[in-house]
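As a plain string of letters, each chain reads:
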Amino acid sequence: MKRRDFIQKSTAVISAPLIAPQFFQPHKTLPLQGNTSPIAVCTWNFTAANAKAGVALEAGKTALKAAIEGVAVEENNPKNTTVGYGGAPDREGHVTLDACVMNHQGNCGAVLAVEQVKNVAALAYDVMEHTPHVMLAGEGALQFAKERGYTTEELLTPESKKRWKEWLKNAKYQPIINIENHDTIGMLCRDKNGNIEGVCTTSGLAYKMRGRIGDSPIIGSGLFVDNNVGGAVATGMGEEVVKTVGSFLIVEFMRQGHTPQEACELAVQRVLEKQKGKPNFQVAYLALNKKGEVGAYSIHGGFTYMHYQQQKNTGHKANAAYSL
Ligand code: SD4
């Protein structure tokens, strides 16, 4: 081959697009339809937390800022034994918290097994905003919190210590999350700009093994948001949610055209497909799409959620594969 032919050929190869041009098209945000007022939804009957987020949204806060303010109500609540301050400890008596956040641009942050800091959703936000990383765990997350000026304190309250001591008498390790023993708060908000963002925060499974992490701080499992489609959050037996990447799955079902309700049901079905008969653990999902439609579904009955829109904060019972 003559040198000139070779140069012409290689130039043609170099200038040919490597990937079909449609892959480079910008991700368009769909226009909002129907009622475009702000929305806050959260797992369980956390009335005050959801109202707090709703009011913050009405005041013009972003979806993520509103959700972080909302879930902080439960992170600060010593009576909630599965989130933040007063959360149940691990088998060795350490309260270790997990949280993650995801914004409308697809950015996210997470903290895993954090001790002494109760507002871990805010800390996850700081990981997203102030580090080049997505996740910080344990000692490193605590060090980062101290650097950011977070207050550190003992999160084991006298009441949760008492319950743990009681548990120690038998120390029967049953890593099962069922109807009675969970309350993780997952929250999804749609703000005045129509952006959907979300948060998930928990102390995880009571009396878990030291170092155990559930689904809650794992993007795609405890929480996933795609602002073009919607978002989803999970509560319940984290191991089973992780195995099926539950929240991501729900958002993908919604992308394929399913309503949030159908998407939650399909994701629960995915968990059940792997079980022989009725499982002895709970998994529950909550989803919100761009249109403001909400869906919720769980394995066992008893799952509830809150819904705030137009100054109304209402509690709802989700349907379940196996009703109570
Ligand atoms: C976990 N999914 O750590 C969490 C626990 C939970 O309500 O949701 N409790 O597995």
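Up top is the structure these notes are about.
What you are looking at is a predicted structure, and each value in this text was computed from that prediction instead of being measured.

K.L.:
Looking at this structure, how should I read the environment of T184?
P.N.:
Looking at where T184 falls in the secondary structure, it is placed in the loop between helix 6 (158-170) and strand 5 (185-190). Between the C-alpha atom of T184 and that of V83, which follows or precedes it by 101 residues, the distance is 6.1 Å. If sequence neighbours within four positions are ignored, T184 has contacts with T43, W44, F46, T82, V83, C200, T201, T202, S216, A234 and T235. Here the side chain of T184 touches T202 through a polar contact of 2.7 Å, side chain to side chain.

K.L.:
Got a minute to help me understand the nonpolar core in this structure?
P.N.:
Inside soluble globular proteins, nonpolar side chains tend to come together where they are buried. Judged by nonpolar contacts, the single largest core of 86 residues is most densely connected at V111, M187, I250 and Y285. The greatest single-element share of this core, amounting to 7 residues, is contributed by helix 4 (residues 120-130).

K.L.:
Explain helix 9 (residues 260-273) to me, please; I cannot follow it from the model alone.
P.N.:
One turn of an α-helix holds 3.6 residues; hence residues three or four places apart share an orientation. With 14 residues, helix 9 extends 20 Å from end C-alpha to end C-alpha; this agrees with the ideal 20 Å at 1.5 Å per step. Buried residues of helix 9: P260, A263, C264, A267, V268, V271 and L272, and no others. Buried-residue contacts for helix 9 involve helix 7 (238-244), helix 8 (246-255), strand 9 (283-289), strand 10 (294-300) and strand 13 (319-322).

K.L.:
What is the right way to read the sheet that holds strand 7 (residues 223-226) from this model?
P.N.:
Sheet strands pair via backbone hydrogen bonds, and the direction of the pair is either parallel or antiparallel. Spatial ordering of the open sheet is given by 7-8-9-10-13, a layout of 5 strands whose pairing is mixed. The open sheet has two edge strands with one neighbour each: strand 7 and strand 13. On average, each strand axis in the sheet is tilted by 15 degrees relative to the strand beside it, whichever way the strands run. Contacts from helix 9 reach strand 9, strand 10 and strand 13 within the one sheet, and its direction differs from that of strand 10 by about 25 degrees.

K.L.:
Please explain the pairing of strand 7 as it appears in this structure.
P.N.:
On any regular strand, side chains alternate: one points to one face of the sheet, the next to the other face. Burial along strand 7 is two-sided: L223 and V225 and F224 and D226, pointing in opposite directions, are all buried. In terms of strand pairing, strand 7 meets strand 8 (residues 230-236) through 4 bridges, oriented antiparallel. Across the sheet, L223 pairs through a bridge with V233, a residue of strand 8. Connecting strand 7 to the antiparallel partner strand 8 that follows it, the hairpin turn spans 3 residues.

K.L.:
Explain the packing of helix 4 against helix 5 (residues 138-147) to me, please; I cannot follow it from the model alone.
P.N.:
In helix packing, the relevant descriptors are the interaxial angle and the interaxial distance, both defined with respect to the helix axes. Two elements in contact, helix 4 and helix 5, have axes separated by 11 Å at closest approach and are oriented at 80 degrees. The angle between helix 4 and helix 5 places the two elements in the roughly perpendicular class. Taking contact as the criterion, the partners of L123, D126, V127 and H130 in helix 4 are, on helix 5, A141, F144 and A145. Along the lines of polarity and charge, the residues of the contact of helix 4 with helix 5 split into 5 nonpolar, 1 polar and 1 charged.

K.L.:
Just checking my understanding: could you explain helix 8 for this structure?
P.N.:
Counting buried positions along helix 8 gives 8 out of 10 residues, so the element sits mostly inside the fold. Buried within helix 8 we find G246, S247, L249, I250, V251, E252, F253 and M254. As for helix 8, its buried residues are in contact with strand 7, strand 8, helix 7, helix 9 and strand 9. Following helix 8 by one or two positions, G257 adopts a phi angle in the positive range, close to 110 degrees.

Analysis parameters
- Along every chain, residues carry numbers that run from 1 in the direction the sequence is written.
- Reporting in this predicted model follows two pLDDT cut-offs: at least 70 for local features of residues, and 80 or more for side-chain atom pairs to be given and counted; totals over whole chains, interfaces and linings ignore these cut-offs and use all residues.
- Side-chain figures throughout are based on the complete set of non-hydrogen atoms in the structure, without hydrogens or water.
- Runs of H or I in DSSP of at least four residues are treated as helices and runs of E of at least two as strands, each being numbered from the N terminus.
- Contacts are assigned to residue pairs that have any heavy atoms within 4.5 Å of one another.
- Here a polar contact means two N or O atoms within 3.5 Å. Within protein one must be a hydrogen donor candidate and the other an acceptor candidate, and residues neighboring in sequence count only if both atoms are side-chain atoms.
- In plain words, nonpolar cores are sets of buried Ala, Val, Leu, Ile, Met, Phe, Trp, Tyr and Cys residues tied together by side-chain atoms within 4.5 Å.
- Burial status follows relative accessibility: with a 1.4 Å probe on protein chains alone, a residue under 20% of its type maximum counts as buried, one over 50% as exposed, and anything between as partly exposed.
- One fewer than the residue count of a helix, multiplied by 1.5 Å, yields its expected span.
- Any two strands are treated as partners once DSSP identifies two or more bridges connecting them.
- Interaxial angle, 0 to 180 degrees, is taken between N-to-C directions of lines fitted to C-alpha atoms, where a helix line uses only the stretch in contact.
- When an angle is under 35 degrees it counts as roughly parallel; over 145 it counts as roughly antiparallel; between 65 and 115 it counts as roughly perpendicular; any other value is oblique.
- Classification used: nonpolar for Ala, Val, Leu, Ile, Met, Phe, Trp, Tyr, Cys and Pro, charged for Asp, Glu, Lys and Arg, polar for all others including Gly.

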